[in-house]
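Chain by chain, the residues run as shown.
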Amino acid sequence: MGSRIVATGRALPRTLITNHDLERRMETSDEWIRTRTGIGQRYTLCSGESLVDIAADASRIALERAGLKASDLEAIIVGTVSSDFGFPSFACQLQHRLGISSIPSFDVAAACSGFVYALSVADSTMRAGDWSRVLVVGTDALSTMVDWNDRATAVLFGDGAGAVVMVSEPGARGVLGSILRSSGEYWELLSVRNRGIQNTIDAEVKSSGDDAIKMKGPELFKIAVKSMEEVTRKVAERAGVPLAEIALVVPHQANLRIINAVAQRLGLGEDKVFTNVDRYGNTSAASVPIALDEALETRRIRDNDLVLLNACGGGLTWGANLVRW
Ligand SMILES: CC(C)(COP(=O)(O)OP(=O)(O)OC[C@H]1O[C@@H](n2cnc3c(N)ncnc32)[C@H](O)[C@@H]1OP(=O)(O)O)[C@@H](O)C(=O)NCCC(=O)NCCS
C-alpha cells in the first residue's frame, strides 16, 4: 500500500509587498532584487493575522477538493519553523483550528526543506499502515524573523501556507520514494533564535541584529545548488527513473538563480521546472506545496506524470520526493 496526494490548497497573508515598496524602506532596488534572486513581490504576515488561520485556510481548500471532512483525517504533519509557541506544536494549533481532536498531530522542523521532510514522513508511516488519510502542510513566516534593516535578508522572504491531502492507495500512482539529508556542520549558514512570530513588517519594534535571521548567502548558494542536484539524481536513480522521464520538477523557490543552476546541472529545460519565486519570494516550507498547487491549477501536471519535489534549507537540510501523479 502506498500514499497518493489527492488534493492540494494554498493560502497567503493579505499584504503584498513589492520590490518598489522595499526601495522606499531600505537601500535596495527592484533591479538588484530581480537580477540576484528573481523575486518581484512577496506576501507578508502583518499584525493581527495568524499563520495558523492561513494554514487552516489552505488545509480546508485541500480537504474540500479531496472530498473529505477534517474529521476524516487520521494524522496532521506540519513542516514549519514558525510556531508562535515553543510548544504546543503548530500542528496541534492547526488541528484545533480545524475543529478536530484526538488524532496525532506534530511538526517537522527542517526549515525550507520542511514540506519535503513532512511528505516523506507521511509516506513512510502510511506505507507502514499507521494512517490512511493524512494532512501534510508546509507553512512559514520568515518575513517576521528578518531584521528589516538588513537588506541582504529582508528582501528574500515571504509568508504563506500550502497543504496536501494524502490517501493510502494500492497501485502505481503516488509517492515513489524520498531521500532526506542534513549536515549540522553548516548550521551557521542560515539560522534564527527561537522566539516565535513577533516582528511583522508593520510592527513598531523591529528585530534587533541578535535575534534576526542570520545568513551567509554566497556559501549557502553554492551548497544549495550541489545538494539539490545530488538528491534529485539519487531519488530518481533509486526509483529506476531516468531524469529525462520526469515531467516536472517543483523545487523550493528560494532564488531563481539556484533553481536555474540546478536545472542546468541536471540537463532539464525550462519547460520541466516550475517557478513562481517572482510572485512569492522564499516562503520556506510553504514554497513547495504552494508551487505544487499552482502547477496543478495551471495544468502543468497531468495524471501519471512523474513529478519531482526538492528543497534545501537551514540545518542544513535537503531532500527530494518523487511522485507518480
Ligand atoms: C543573498 C544573495 C541573493 C546575494 O547575492 P550575491 O550575488 O551573493 O550578493 P553578495 O552577498 O555577494 O552582495 C553583493 C553586493 O550586493 C549588496 N547587497 C546585498 N543585499 C542587497 C540588496 N537587497 N539590495 C542592494 N544591494 C544589496 C551587498 O552589500 C554587496 O555589496 P558590496 O559588493 O558593495 O559589498 C545570494 O547569495 C543568495 O541567493 N544566496 C542564497 C540565499 C538563499 O536562497 N537562502 C535561502 C536558502 S533556503
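To be clear, the structure that these remarks concern was listed above.
> Describe the overall build of the protein chain, listing the residues and the values that go with them.
When its secondary structure is counted, the protein chain shows 10 helices and 13 strands. Relative to the 2.2 N^0.38 estimate, which gives 20 Å for 325 residues, the radius of gyration of the protein chain is 18 Å and therefore close to what a compact globule would have. For the protein chain, the spread of C-alpha atoms along the principal axes amounts to about 55 × 45 × 40 Å. Per-residue burial over the protein chain gives 51% buried out of 325 residues. Pairs at least 24 residues apart make up 80% of the contacts formed inside the protein chain by residues separated by at least 6 positions.

> I'd like a rundown of the nonpolar core, residues and numbers included.
Core analysis: the largest hydrophobic core is formed by 107 residues, its most contacted members being Ile 77, Leu 94, Val 134, Val 136 and Val 250. For this core, the element with the highest residue contribution is helix H3 (residues 51-66), accounting for 10 residues. When residues of this core are assigned to domains, at least three map to each of domain 1 (2-172) and domain 2 (175-195 + 212-324). Beyond its immediate sequence surroundings of up to four residues, Val 134 is in contact with Leu 73, Glu 74, Ala 75, Ile 77, Ala 122, Met 126 and Met 166.

> So what about the site of the ligand? Which residues, and what values?
Taken together, 22 residues are adjacent to the ligand, and Thr 28, Arg 151, Gly 217, Phe 221 and Ala 254 come closest. Of all the secondary structure elements, the ones that give two or more residues to the shell around the ligand are helix H2 (30-37), helix H6 (151-154), helix H7 (217-238) and strand E12 (306-313). In terms of residue count, H7 provides more of the shell around the ligand than any other element does, five residues in total. Of the residues contributing to the shell around the ligand, the split by class is 14 nonpolar, six polar and two charged. Looking at which domains feed residues into the shell around the ligand, each of domain 1 (2-172) and domain 2 (175-195 + 212-324) gives three or more.

> Could you give an account of the sheet that holds strand E11 (residues 248-251), naming the residues involved and the relevant values?
With mixed pairing, four strands are arranged side by side in an open sheet as E8-E13-E12-E11. The sheet is open, and its two edges are formed by strand E8 (174-182) and E11, each paired on a single side. Strand after strand, the sheet turns through a mean of 15° between neighbouring axes, direction not considered. The pairing of E8 with strand E13 (residues 317-324) spans eight bridges and is classified as antiparallel. Within the sheet, the bridge partner assigned to Val 175 lies in E13 and is Val 323. Helix H5 (residues 114-127) rests against E8, E12 and E13 of the sheet, and its axis sits at about 55° to E13.

> Would you mind going over the sheet that holds strand E1 (residues 2-11) in detail, with residue names and values included?
The strand order E1-E7-E6-E4-E5 describes an open sheet built from five strands, whose pairing is mixed. Edge positions in the sheet fall to E1 and strand E5 (105-108), since each of these pairs with one other strand and no more. Across the sheet, the mean angle separating the axes of adjacent strands is 20° when strand polarity is ignored. Both E1 and strand E7 (residues 159-169) contribute to a ladder of nine bridges, which runs antiparallel. Paired with Ala 7 across the two strands is Val 165, which belongs to E7. Contacting E1, strand E6 (133-141) and E7, H3 crosses the sheet at an angle of about 125° to E1.

> Just give me the short version of H7, but keep the residues and values in it.
Here H7 contains 22 residues, and its C-alpha end-to-end distance of 31 Å stays within 8% of the 32 Å for a straight helix at 1.5 Å per residue. Buried residues of H7: Leu 220, Ala 224, Val 225, Ser 227, Met 228, Val 231, Thr 232, Val 235 and Ala 236, and no others. Backbone geometry just after H7 places Gly 240 at a positive phi near 70°.

> Quick rundown of the packing of H3 against helix H4 (residues 90-97)? Include the residues and the values.
Contact geometry for H3 and H4: axes closest at 9 Å, N-to-C directions at 60°. Comparing the axis directions of H3 and H4 gives the class oblique. You can see that H3 and H4 cross each other, and the crossing is right-handed. For the pair H3 and H4, contact is made by Val 52, Asp 53, Ala 55, Ala 56 and Ser 59 and by Phe 90, Gln 93, Leu 94 and Arg 97, respectively. In the contact of H3 with H4, the residues fall into five nonpolar, two polar and two charged.

> Describe the environment of Met 26, listing the residues and the values that go with them.
Inspection of the secondary structure puts Met 26 in the loop between helix H1 (19-23) and H2. Sequence spacing of Met 26 and Ala 254 is 228 residues, and the spatial spacing of their C-alpha atoms is 21 Å. Excluding residues within four positions of it along the chain, Met 26 makes contact with Asn 149, Arg 151 and Ala 154.

> Tell me about unusual backbone geometry, and name the residues and values.
Between Phe 87 and Pro 88 the backbone carries a cis peptide bond, its omega angle lying at 0°. Looking at the secondary structure, you find Pro 88 in the loop between strand E4 (75-79) and H4. Look at the link from Gly 315 to Leu 316: it is a cis peptide, with omega at -15°. Despite not being glycine, Ala 111 shows a phi value in the positive range, around 50°. C-beta crowding within 10 Å serves as the criterion here: with 26 such atoms nearby, Ala 111 is assigned to the buried category.

How each quantity is defined
Residues numbered from 1 in each chain as written. Predicted model: local features only at pLDDT ≥ 70, side-chain atom pairs only at ≥ 80, totals over all residues. Helix = DSSP H or I, 4+ residues; strand = E, 2+ residues; numbered from the N terminus. Rg over C-alpha atoms; globule rule 2.2 N^0.38 Å. Buried ≥ 20, exposed ≤ 12 C-beta atoms within 10 Å, placed from the backbone. Contact = placed C-beta atoms within 7 Å. Core = buried A, V, L, I, M, F, W, Y, C linked by C-beta atoms within 7 Å. Domains from an automatic or database assignment. Near = placed C-beta within 6 Å. Nonpolar A, V, L, I, M, F, W, Y, C, P; charged D, E, K, R; others polar. Pairing = 2+ DSSP bridges. Axes fitted to C-alpha atoms, helices over the stretch in contact; angles between N-to-C directions. Expected span 1.5 Å × (residues − 1). Parallel < 35°, antiparallel > 145°, perpendicular 65-115°, else oblique. Left-handed = near helix turned anticlockwise from the far one by under 90°.

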